[in-house]
Amino acid sequence: MNIVIDSLYKTFGAITALENINLQFQGGEFVTVLGSSGCGKTTLLHLLAGLESPSRGNIYIDGEVKDRPGADRVVVFQQAGLFPWLSVEENIEFGLSLKTTTKAQRRQASAEILRIIGLESFAKHKPYQLSGGMQQRVAIARALVMKPKVLLMDEPFGALDAQTRSSMQTFLTSLWDQLHCTIVFITHDIDEAIVLGTRLVVLSARPGKVALDVPIELERPRTPEVAFDPHFLDLKKQAMGILAH
Ligand SMILES: Nc1ncnc2c1ncn2[C@@H]1O[C@H](COP(=O)(O)OP(=O)(O)OP(=O)(O)O)[C@@H](O)[C@H]1O
């Protein structure tokens, strides 16, 4: 699975949100997209999800133009957005119920994903009985159970406290190590972008243009000490330079 973003523009009336975006992602990459507020990160994610249409240009997934939502791309938002009246397992199974699956198949799929995310003992709990980090893990599980080709994440840890955020970063990294799905992860946090990704894309201030697109060549698994690695510091300096303008 690969994604090609070709000469992409997005305007809203007189506002140009994205200008001439050209990017190519390979299957299994963990791409982090960094940019200051209002530079068009969410717009880019919505275009990838098919929730918005390009003003010009195209997005291809495995060579096919994609301009509407599909089960091959799922989005995880900043707020978990779980259904409060459904249990954890029912929340995870909800999307599958829209596909032709039996209840037994759905229960098996949710049990499997709950084991992967380490919340099997919370299957019958309601969302309000979980912490913010656990709710966000369920939101990620709900996305992954659909077996998407691409997981699109819009500041998924932005609403969490620093410690939970850090443990969720470790969680997501180990999940990606196991599943190796393609992830496009939006953030405005430089350290988060470099710690998580295999590839860093930095957008310039509005109109968003690709100011940097480089591989993140840091060994995995990444420990907190990675923040002292010269490559980490070099990427951070480059990103800070772009975000300062
Ligand atoms: N539906 C819309 N209608 C009009 N303008 C929009 C719409 N969506 C986004 N914009 C504008 O496009 C620009 C980019 O917005 P976007 O939400 O993509 O930025 P962002 O980088 O995700 O910002 P933040 O980090 O603050 O969430 C902004 O100027 C925003 O006001």
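All values reported here derive from a predicted model rather than from experimental measurement.

1. Brief notes about the packing of aromatic side chains
Aromatic rings considered in pairs are described by the distance between their centres and by the relative angle of their planes. In total, this model carries 5 aromatic pairs according to the counting rule given. On the numbers, 6.2 Å between centres and 45° between planes, the contact of Phe 30 with Phe 185 is tilted. With Phe 30 in strand E3 (residues 30-34) and Phe 185 in strand E8 (residues 182-187), this residue pair connects regions lying 155 residues apart in the sequence. Accessibility expressed as a relative area gives 0% for Phe 30, which makes it buried. The buried category is assigned to Phe 185, whose relative accessible area is 0%. The interplanar angle of 65° and the centroid separation of 4.8 Å between the aromatic rings of Phe 83 and Phe 94 together place this pair among those described as edge-to-face.

2. Looking at the domain arrangement of the chain
Its domain assignment divides the chain into domain 1 (3-72 + 150-243) and domain 2 (82-147). If you average the C-alpha positions of domain 1 and of domain 2, the two centres end up 25 Å apart. Domain 1 puts 13 residues into the contact, and the matching count from domain 2 is 10 residues. A buried area of about 960 Å², summed over both sides, lies between domain 1 and domain 2, and 83% of it is on carbon and sulfur atoms. For the pair domain 1 and domain 2, the number of links is 0 salt bridges. For the side of domain 1 that touches domain 2, the elements supplying multiple residues, two or more each, are strand E7 (150-154) and helix H5 (162-179). Per-element accounting of the side of domain 1 that touches domain 2 gives the leading share, 6 residues, to H5. Taken together, the residues of the side of domain 1 that touches domain 2 sort by class into 11 nonpolar, 2 polar and no charged.

The rules behind each value
Residues numbered from 1 in each chain as written. Predicted model: local features only at pLDDT ≥ 70, side-chain atom pairs only at ≥ 80, totals over all residues. Heavy atoms only, no water. Phe/Tyr/Trp six-rings, centres within 6.5 Å; stacked < 30°, edge-to-face > 60°. Helix = DSSP H or I, 4+ residues; strand = E, 2+ residues; numbered from the N terminus. Buried < 20%, exposed > 50% of the residue type's maximum accessible area, 1.4 Å probe, protein only. Domains from an automatic or database assignment. Contact = heavy atoms within 4.5 Å. Buried area = accessible area lost by both parts, 1.4 Å probe. Salt bridge = Lys/Arg side-chain N within 4 Å of Asp/Glu carboxyl O. Nonpolar A, V, L, I, M, F, W, Y, C, P; charged D, E, K, R; others polar.

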